[in-house]
Amino acid sequence: MVNTEKFIAKAIEEIKEKSNGKKVVMALSGGVDSSVCAELAKRAIDDNLKPIYVDTGLMRKGETERIKELFSDLELDVIDAGEEFFEALKGVVDPEEKRKVIGEKFIRIFEREAKKTGAEYLLQGTIYPDIIESEGGIKSHHNVGGLPYDIKFEGLIEPLIDLYKDEVRDVAGALEMPVEIQHRMPFPGPGLAVRCLGEVTPDKIAVIREANAIAEEELVEKFQPWQCFAALIGLGTGVKGDVRLHGWIIAVRAVYSRDAMTAEPVEIPWETMHKIASRITSEIPEVARVVYDITPKPPATIEYE
Ligand code: XMP
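Just so it is clear, the model here is predicted, and its values are computed rather than measured.

**Student:** Is there a simple way to explain the overall build of the protein chain in this structure?
**Tutor:** Within the protein chain, the secondary structure is distributed over 10 helices and nine strands. Relative to its length of 305 residues, the protein chain is compact, with a C-alpha radius of gyration of 20 Å against a globular reference of 19 Å. C-alpha extents for the protein chain along the principal axes are approximately 70 × 40 × 35 Å. When burial is assessed residue by residue, the protein chain has 50% of its 305 residues classed as buried. In the protein chain, 76% of the contacts between residues at least 6 apart in sequence involve partners at least 24 apart. Of the accessible surface of the protein chain, which amounts to about 14,500 Å², a share of 51% is contributed by carbon and sulfur atoms. Across the protein chain, the centroid of the 39 positively charged side chains sits 2 Å from that of the 55 negatively charged ones.

Here it is as structure tokens:
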């Protein structure tokens, strides 16, 4: 377990020392890692911190508005880039290809915006499990050692590199950050796109966003899962009124985990499952069927892609 007081003092010192009076840019997603980084940097270098939030169009319901509110004390640059992402994702179905396309787009947009700030240093919330999973080649999303930017930064600052996720949450607590951030569920960088099997389209993402909000409303408070969400996993036949129709199949997933390396499904009572299925199918007309995923990790991963 990390000694939070010592850690905070050391991290603030590290950010100050490394940035050496220069501007520092970061991509703030509102996840606990980047939020803790932003708070540490705010305390270390104040206005020299230039946080950028890229709205990929793949965010959860109300997320962008909430992040603007939560970080109203930072001069947050909010970039509305949904259209650019959907355009780039046209015809892409392979999960790793999706990550590549989204990662690449993200980098180019961030780069474009970072240049405008004139920052010389890059702050990133890389944590220890990111390194392990990168070394194991499990997924291509962990940006260990910095993203492949074309602009050259003077240096990279990664104050959380030795911490596990639960330690980052402890640090968030010690920094007295809002409880909502301390306990914020991990949300993947490619957002709802890795919860959308097949091609990513604005219509499918809109369905996932609504279903995801329902799953969170029904599960987060009651069960406090490590992570819970809804994914769109295919098209199936359903019947609404007395008409047979094709509708989306939504999978709901809720897991307990310590650090995302392994995970166990949450045992949800039948009654709650019924409520979720009935809300999703009645509130989202395009959905014909709802299933609950009971697979642990391993063998499944937490996300669908
Ligand atoms: P998996 O699905 O590999 O997920 O069991 C482990 C943890 O990582 C998150 N995840 C991602 N995070 N970009 C991210 O930033 C990604 O591409 C990505 N894929 C999975 C996932 O939500 C879980 O917390």
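**Student:** Just checking my understanding: could you explain the UniProt feature "binding site: ATP" (unreviewed entry) in the protein chain for this structure?
**Tutor:** Sequence positions flagged by UniProt for "binding site: ATP" (unreviewed entry) are, in local numbering, Ser29, Gly30, Gly31, Val32, Asp33, Ser34 and Ser35. Assignment of secondary structure puts Gly31 in the loop between β1 (24–27) and α2 (32–45). Exposure remark for Gly31: the relative accessible area of 21% places this residue in the partly exposed category. If you trace the backbone, Val32 turns up in helix α2. Contact partners of Val32, with chain neighbours within four places excluded, come to Lys165, Val168, Arg169, Ala172, Ile181 and Gln182.

**Student:** Explain the nonpolar core here, please?
**Tutor:** The nonpolar side chains of a soluble globular protein tend to be buried with one another. Counting residues in hydrophobic clusters, the biggest one holds 48 residues, and the most contacted among them are Leu219, Ile250 and Ile280. Among the secondary structure elements, those contributing two or more residues to this core are β2 (49–55), α4 (82–89), α5 (95–117), α9 (202–223), β6 (227–240), β7 (243–256), α10 (270–283) and β9 (287–292). Those residues within four positions of Ile250 in sequence are excluded, and the remaining contacts are Val207, Ala211, Ala230, Ala231, Leu232, Ile280, Val287, Arg289, Val290 and Val291. By size, the runner-up hydrophobic cluster in this structure holds 36 residues, among which are Phe7, Val24, Cys37 and Ile127.

**Student:** Please clarify how the side chain of Arg279 should be interpreted in this entry.
**Tutor:** Considering the arrangement of structural elements, one finds Arg279 in helix α10. According to the relative accessible area criterion, Arg279 is buried, its value standing at 17%. Those residues in contact with Arg279 that lie beyond four places of it in its chain are Ile214, Glu217, Glu218 and Ile284.

The rules behind the values
Residues numbered from 1 in each chain as written. Predicted model: local features only at pLDDT ≥ 70, side-chain atom pairs only at ≥ 80, totals over all residues. Heavy atoms only, no water. Helix = DSSP H or I, 4+ residues; strand = E, 2+ residues; numbered from the N terminus. Rg over C-alpha atoms; globule rule 2.2 N^0.38 Å. Buried < 20%, exposed > 50% of the residue type's maximum accessible area, 1.4 Å probe, protein only. Contact = heavy atoms within 4.5 Å. Areas by Shrake-Rupley, 256 points an atom, 1.4 Å probe, with all protein chains shown as cover. Lys, Arg positive; Asp, Glu negative; His and termini not counted. Charge placed at Lys NZ, Arg CZ, Asp CG, Glu CD. UniProt positions renumbered as here; feature names shortened; annotations may be inferred. Core = buried A, V, L, I, M, F, W, Y, C linked by side-chain atoms within 4.5 Å.

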